[in-house]
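Coordinate inspection notes
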Amino acid sequence: MKNFVFIALFSFILNAQAAVLTPFSLEGIEAVNVTVLGKDKLFEGAFKQTLKDEVEKKLHALNIKTTSKSFSNFLIKVKTVTIEKSTLYYVTLSLVESVRISRDKTIEAIAITYTKEDSFESTNPEEDVKESILYLVEEFAEQYKDENTK
């Protein structure tokens, strides 16, 4: 029985990630702070700022401000793993916010309120990382539009 529940849950998660909509809600987002994180040498130059600027432009097109006084962070993290002669890239887009816990409204916590991932092998990392990030932002934008259009 435990295996069945695990398989059903795993299938649900995979299907949820394959669809545009996620189990996360994007209703009412007005402002976020954008941060691009990456330790790879790819991020040592202007590339990191270029990515941040492009993401902010896409968020502005959704009427989402990219400066927030509250704890609302739009994080893009790129992690690289080298195995023999191959380099794998893991790109994660997350929205991390302060939230009130429903069991006790006086408790404020930090929660991941949206996350989407992409992974790939690349020999042209600058182009592929940029494409991956823009793909994840576009999926975020589609869900945001679906949930905030009245």
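For the structure, see preceding data.
In this report, we go over the structure that sits alongside the text. Being a predicted model, the structure only gives us computed values, none of them experimental.

Here we come to the pattern of salt bridges. One pass over the structure, following the stated rule, counts three salt bridges. Among the salt bridges present, the one from Lys-130 reaches Glu-54, with a minimum N-O distance of 3.0 Å. On the criterion of sequence distance, the pair formed by Lys-130 in helix 3 (residues 125–148) and Glu-54 in helix 2 (residues 47–61) is long-range, its members being 76 residues apart. For Glu-54, a relative accessible area of 25% puts it in the partly exposed group. Among the ionic pairs, Glu-139 bridges to Lys-116, the shortest N-O distance being 3.1 Å. Of this pair, Glu-139 sits in helix 3 while Lys-116 sits in strand 4 (residues 104–121), and the two are 23 residues apart along the sequence. Overall, Glu-139 belongs to the buried group, its relative accessible area being 9%.

What follows covers the sheet that holds strand 4. Sheets are built from strands that pair by backbone hydrogen bonding, the pairs being arranged parallel or antiparallel. An order of 1-2-3-4 is seen for the four strands of this open sheet, with the pairing classed as mixed. Of all strands in the sheet, those with a lone pairing partner are strand 1 (33–38) and strand 4, marking the two edges. Looking at each pair of strands side by side, their axes are set apart by 15 degrees on average, direction ignored. Examined bridge by bridge, strand 2 (residues 72–83) and strand 3 (residues 86–101) share twelve bridges and lie antiparallel to one another. Bridged to Val-78 within strand 3 is Val-91. Docked against the sheet, helix 2 engages strand 1 and strand 2, running at close to 145 degrees with respect to strand 1. Running over the sheet, helix 3 touches strand 2, strand 3 and strand 4 and is turned about 135 degrees from strand 4.

Rules of the game
Residues numbered from 1 in each chain as written. Predicted model: local features only at pLDDT ≥ 70, side-chain atom pairs only at ≥ 80, totals over all residues. Heavy atoms only, no water. Salt bridge = Lys/Arg side-chain N within 4 Å of Asp/Glu carboxyl O. Helix = DSSP H or I, 4+ residues; strand = E, 2+ residues; numbered from the N terminus. Buried < 20%, exposed > 50% of the residue type's maximum accessible area, 1.4 Å probe, protein only. Pairing = 2+ DSSP bridges. Axes fitted to C-alpha atoms, helices over the stretch in contact; angles between N-to-C directions. Contact = heavy atoms within 4.5 Å.

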